[in-house]
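Now for the letters of each chain:
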Amino acid sequence: MGRSLFCWTAASSFNPNHATGHWQGLVHHFDLKRQIAMTKLRLFSRTRRLQSILFILSGLLLAIIIISGCDKQKTAVRDFDSGGDSAPKSNVKKGITPVPDEQVAVVETADYGNIVIELYPNVAPKMVERFKKLIQEGFYDGTTFHRINAASGLIQGGDPLSKDNNPANDGTGDSPYPNVPGEFSDIPFERGTVGAARRGASPEGSSAESETQARDTANCQFFITLEPAPQFDEDYTVFGKVIDGITNAEIIMRAPVEEGTERPAERIVVKKIALQPRSQYVSSKP
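Criteria and thresholds
Residues numbered from 1 in each chain as written. Predicted model: local features only at pLDDT ≥ 70, side-chain atom pairs only at ≥ 80, totals over all residues. Heavy atoms only, no water. Helix = DSSP H or I, 4+ residues; strand = E, 2+ residues; numbered from the N terminus. Buried < 20%, exposed > 50% of the residue type's maximum accessible area, 1.4 Å probe, protein only. Areas by Shrake-Rupley, 256 points an atom, 1.4 Å probe, with all protein chains shown as cover. Salt bridge = Lys/Arg side-chain N within 4 Å of Asp/Glu carboxyl O. Pairing = 2+ DSSP bridges. pLDDT = per-residue confidence, 0-100. Contact = heavy atoms within 4.5 Å. Expected span 1.5 Å × (residues − 1). Phe/Tyr/Trp six-rings, centres within 6.5 Å; stacked < 30°, edge-to-face > 60°. Lys NZ or Arg CZ within 6 Å of the ring centre and 35° of its normal.

Brief notes about the overall build of the protein
From N to C terminus, the protein includes 6 helices and 10 strands. In the protein, which comprises 286 residues, the proportion classed as buried is 39%. When the accessible surface of the protein is summed, it comes to about 16,400 Å², and 57% of that surface belongs to carbon and sulfur atoms.

Brief notes about the pattern of salt bridges
Any two side chains of opposite charge can pair if their charged atoms end up close together. Evaluation of the coordinates by the stated rule reveals 13 salt bridges. Salt-bridge contacts for Glu 137 lead to Lys 133; the nearest nitrogen and oxygen are separated by 3.6 Å. Overall, the relative accessible area of 44% leaves Glu 137 in the partly exposed class. The exposure class assigned to Lys 133 is partly exposed, which follows from its relative accessible area of 35%. One salt bridge in this structure joins Arg 215 and Asp 235, with 2.7 Å as the shortest N-O distance. Here Asp 235 lies in the loop between strand E8 (222–225) and strand E9 (238–244) and Arg 215 lies in the loop between helix H5 (211–214) and E8, a separation of 20 residues in the sequence. Bridged by salt links that share partners, the residues Arg 198, Glu 211, Arg 215 and Asp 235 form one connected network.

Observations concerning the pairing of strand E5 (residues 154–157)
Taking every second residue as pointing to the same face, both faces of E5 are buried, with Leu 154 and Gln 156 on one and Ile 155 and Gly 157 on the other. Bridging between strand E4 (residues 147–149) and E5 involves 3 bridges; their strand directions are antiparallel. Paired with Asn 149 across the two strands is Leu 154, which belongs to E5. From the end of E4 to the start of E5, which pair antiparallel, there are 4 residues, and Gly 153 there has a positive phi angle of about 70°.

Describing the confidence of the model for the protein
This prediction gives the protein a mean pLDDT of 82; 66% of its residues lie at or above 70. Segment residues 1–14: pLDDT under 50, and 0 contacts once partners within four positions in sequence are set aside and those in other chains are kept. Considering only residues more than four positions removed or in separate chains, one finds that residues 64–72, a stretch of pLDDT under 50, has 5 contacts.

With respect to helix H4 (residues 125–136)
Here H4 is 12 residues long and its end C-alpha atoms lie 16 Å apart, about the 16 Å a rise of 1.5 Å per residue gives. The complete set of buried residues in H4 reads Met 127, Val 128, Arg 130, Phe 131, Lys 132, Leu 134 and Ile 135. Contact partners of the buried residues in H4: strand E2 (103–109), strand E3 (114–119), strand E6 (193–196), E8, E9 and strand E10 (270–277). The first or second residue beyond H4 is Gly 138, which carries a positive phi of 75°.

Considerations on unusual backbone geometry
The backbone of Glu 234 sits at a positive phi, close to 60°, despite the residue not being glycine. In this fold, Glu 234 is placed in the loop between E8 and E9.

Here we look at the pairing of E6
Consecutive side chains along a regular strand alternate between the two faces of the sheet. Residues of E6 alternate between two faces, with Thr 193 and Gly 195 on one and Val 194 and Ala 196 on the opposite face, all of them buried. Here E6 runs beside E9; their pairing, made up of 3 bridges, is antiparallel. Of the residues in E9, the one forming a bridge with Gly 195 is Val 238. Two strands pair when backbone bridges link them, and E6 and E8 are joined in this way by 3 bridges, in the antiparallel orientation. When the sheet's bridge partners are listed, Val 194 is paired in E8 with Ile 224.

Section: the packing of aromatic side chains
Summed over the entire model, instances satisfying the criterion amount to 11 aromatic pairs. When the centroid spacing of 5.5 Å and the interplanar angle of 70° are considered together, the rings of Phe 131 and Phe 222 count as edge-to-face. Note that Phe 131 is positioned in helix H4 and Phe 222 in strand E8, a separation of 91 residues in sequence. Considering the side-chain rings of Phe 223 and Tyr 236, the 5.8 Å spacing of their centres and the 90° angle between planes classify their relative orientation as edge-to-face. With Phe 223 in strand E8 and Tyr 236 in the loop between E8 and E9, this pair connects stretches of sequence that are 13 residues apart. A relative accessible area of 0% places Phe 223 in the buried class. Residue classification places Tyr 236 among the buried residues on the basis of a relative accessible area of 0%. Taken together through their ring pairs, the aromatic side chains of Phe 131, Phe 139, Tyr 140, Phe 145, Phe 222 and Phe 239 make up a single cluster. Just above the ring of Tyr 236 sits the side chain of Arg 198; from NZ or CZ to the centre is 4.1 Å. Here the guanidinium or amino end of Arg 215 rests over the ring plane of Phe 184, the centre of that ring lying 5.8 Å away.

Now the structure itself:
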């Protein structure tokens, strides 16, 4: 009797509709979890793709920055920096005799003694004016002769960027003032001639510049030729000449350089450049 009662009770308590609903609930639960997992997977995949795109864009941006930095032109003697042909020469003062300024520029180096430069305002008035202005402002104090070439017979200085510890930017600096137009003459580049450095032609790149345009980019840097350099004649502004200390300049020219470069192995520091009366260095005015 008791067994029959038990079996009846168990059978009477089973509800097929309830079991079906329970299984449907489980199926819905697992289906929801699957959908959530698939959504997370899609989001993860999209995130990875976005990260890849950002990585590529960052690389492109870095490349653009590097290329832009490399594209900046150096202020230098064109013969070294540009392989372009010389532009037709015009506006060259012919047959002019240099008349020295009453003041000379005394370049005081830290280790190589002094170099005294007389200036020619009747030949290159704008460049002489700029040079004297910068000297009076102390602009050149602490700069270096950042470029020396014994084979070509010249030394170059006057770049404010040579004051820092990054030699890679030497030759690219200017003063805060506008460029000085070319003031060309038929005065030849000889031993001791002082010329205004300028940029060379750059027909390609973001700052493309023709040789004609480059001739008007003198600013603050200068170079001294220590042997005849006819390749520079009528192509660079002559604004002065060394009248004392030329042997010091020649010693600088022959200083050791880093292999394969025109960069001195050790910094050749200009302590200061000062303006002094020319009469202190010559017996009488011409």
